[in-house]
Amino acid sequence: MKIIMLGAPGAGKGTQAKKIAAKYGIPHISTGDIFRANIKNGTELGKKAKTYMDQGLLVPDELTCDLVVDRIQQPDAVNGYVLDGFPRTIPQAECLTDALEKLGSKIDYAIDVNVPDENIVTRMGGRRACLKCGATYHIVYAAPAKEGICDTCGEKLVLRDDDKPETVQKRLNVYHEQTQPLIDYYSGKGVLRTVDGTRDLDEVFSQITEILGE
Ligand code: ADP
Ligand code: ADP
Ligand code: ZN
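Residues numbered from 1 in each chain as written. Chains lettered and ligands numbered in written order. Predicted model: local features only at pLDDT ≥ 70, side-chain atom pairs only at ≥ 80, totals over all residues. Heavy atoms only, no water.

K.L.:
Looking at this model, I keep getting lost on the environment of Pro 75. Mind explaining?
P.N.:
With respect to the element layout, Pro 75 can be found in the loop between helix H4 (61-71) and strand E3 (81-84). Owing to a relative accessible area of 64%, Pro 75 belongs among the exposed residues under this scheme. Taking the C-alpha atoms as reference points, Pro 75 and Asp 108, 33 residues apart in sequence, are found 19 Å from one another. (Helix = DSSP H or I, 4+ residues; strand = E, 2+ residues; numbered from the N terminus. Buried < 20%, exposed > 50% of the residue type's maximum accessible area, 1.4 Å probe, protein only.)

Written out as structure tokens, the structure reads:
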């Protein structure tokens, strides 16, 4: 099963993608996590990506596309994957479609987690991230057992630099301009499914499992 998660920053794509990955036994591939891991490790890619990410802008397509096309051909992805945060532009979507066509494959579902901008701002302000293992929490809606500490790996949780309110508004603008057109793109391919992302975590997930099947 090959799945794409669509939706605004903070809509809950990552949260749901992790649940999908666990239930269906497929890898969760997040370009944001890949970039953050590169930043943490001080790689060349990380240095380049950081300048864009800190400003709430998208990393250029040419730094992003090859990375994903390579990742989806790794052995753990033979039975499918859930892509989170990619594609984010029409050129990225076209690059993915072309690469999959060459491999004789295609995306099965593009799931749009629909959340209005008003709700996004509260979600992002309360988001706390573990930069070591990629786990995500919310101070109210998905709190860790011990305040400020990752349940999974014990690392200190942080408010991401790009989750500060001044950057969130910019990321929402970037989303509407560059990413929202993908809804029409995947609708045109007959694979778009929309879920109401304003519901609580488990309700959003049951809408998704209804689409994907047991
Ligand atoms: P969120 O989950 O809040 O939407 P992500 O972790 O997916 O945030 O992305 C954080 C940042 O990483 C983005 O604002 C952007 O700068 C960069 N990024 C992630 N994925 C992509 C992509 N597919 N194309 C370009 N930039 C990306
Ligand atoms: P995205 O990957 O789309 O940027 P996340 O999955 O990181 O979004 O979720 C953004 C924030 O909102 C996180 O703090 C997360 O714990 C919280 N969150 C996710 N889904 C819900 C939900 N259905 N209700 C309330 N909070 C949520
Ligand atoms: Zn962790």
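K.L.:
Is there a simple way to explain helix H2 (residues 31-40) in this structure?
P.N.:
Along an α-helix, residues three or four apart share an orientation, since each turn contains 3.6 residues. Of all the positions in H2, only Thr 31, Gly 32, Phe 35, Arg 36 and Asn 38 are classed as buried. What you see down the axis of H2 is that its buried residues fit within an arc of 160 degrees, all on one side. Lining the buried residues of H2 we find strand E2 (28-30), helix H3 (44-53), H4 and E3. Backbone geometry just downstream of H2 places Gly 42 in the positive-phi region, at approximately 65 degrees. (Arc of directions from axis to C-beta. Contact = heavy atoms within 4.5 Å.)

K.L.:
Would you mind showing me how to read the site of ligand 2 here?
P.N.:
In the vicinity of ligand 2, 20 residues are found, and the nearest of them are Gly 10, Gly 14, Thr 15, Arg 127 and Tyr 137. One nitrogen or oxygen atom from the main chain of Gly 10 is found 2.7 Å from an oxygen atom belonging to ligand 2. Here an oxygen atom of ligand 2 sits 3.0 Å away from a polar atom, N or O, in the main chain of Gly 12. When ligand 2 is considered free in solution it has 560 Å² of accessible area, and contact with the protein chains removes 93% of it. Residue composition of the shell around ligand 2, grouped by class: 8 nonpolar, 7 polar and 5 charged. (Near = heavy atom within 4 Å. Polar contact = N/O pair within 3.5 Å; in protein donor to acceptor, adjacent residues only side chain to side chain. Areas by Shrake-Rupley, 256 points an atom, 1.4 Å probe, with all protein chains shown as cover. Nonpolar A, V, L, I, M, F, W, Y, C, P; charged D, E, K, R; others polar.)

K.L.:
What is the right way to look at the state of the cysteines in this model?
P.N.:
Every disulfide links exactly two cysteines, by a covalent bond between their sulfur atoms. Applying the stated criterion across every chain yields a total of 1 disulfide. There is a disulfide in this structure between Cys 65 and Cys 95, and the S-S distance comes to 1.7 Å. Here the disulfide of Cys 65 and Cys 95 is left-handed, its torsion about the S-S bond being about -110 degrees. Taken together, the positions of Cys 65 in helix H4 and Cys 95 in helix H5 (residues 90-102) put the pair 30 residues apart, joining distant regions of the chain. Cys 65 gets classed as buried once you look at its relative accessible area, which sits at 6%. The class for Cys 95 is partly exposed, based on a relative accessible area of 23%. (Disulfide = S-S within 2.5 Å.)

K.L.:
Looking at this structure, how should I read the sheet that holds E3?
P.N.:
Backbone-to-backbone hydrogen bonds join strands into a sheet, with any given pair of strands oriented parallel or antiparallel. Read across the open sheet, the 5 strands follow the order E2-E3-E1-E4-E7; overall the sheet is parallel. In this open sheet, the two edge strands, each paired with only one partner strand, are E2 and strand E7 (192-196). Averaged over all pairs of adjacent strands, the angle between strand axes in this sheet comes to 25 degrees, irrespective of strand direction. (Pairing = 2+ DSSP bridges. Axes fitted to C-alpha atoms, helices over the stretch in contact; angles between N-to-C directions.)

Worth remembering: the numbers are spatial, not functional.
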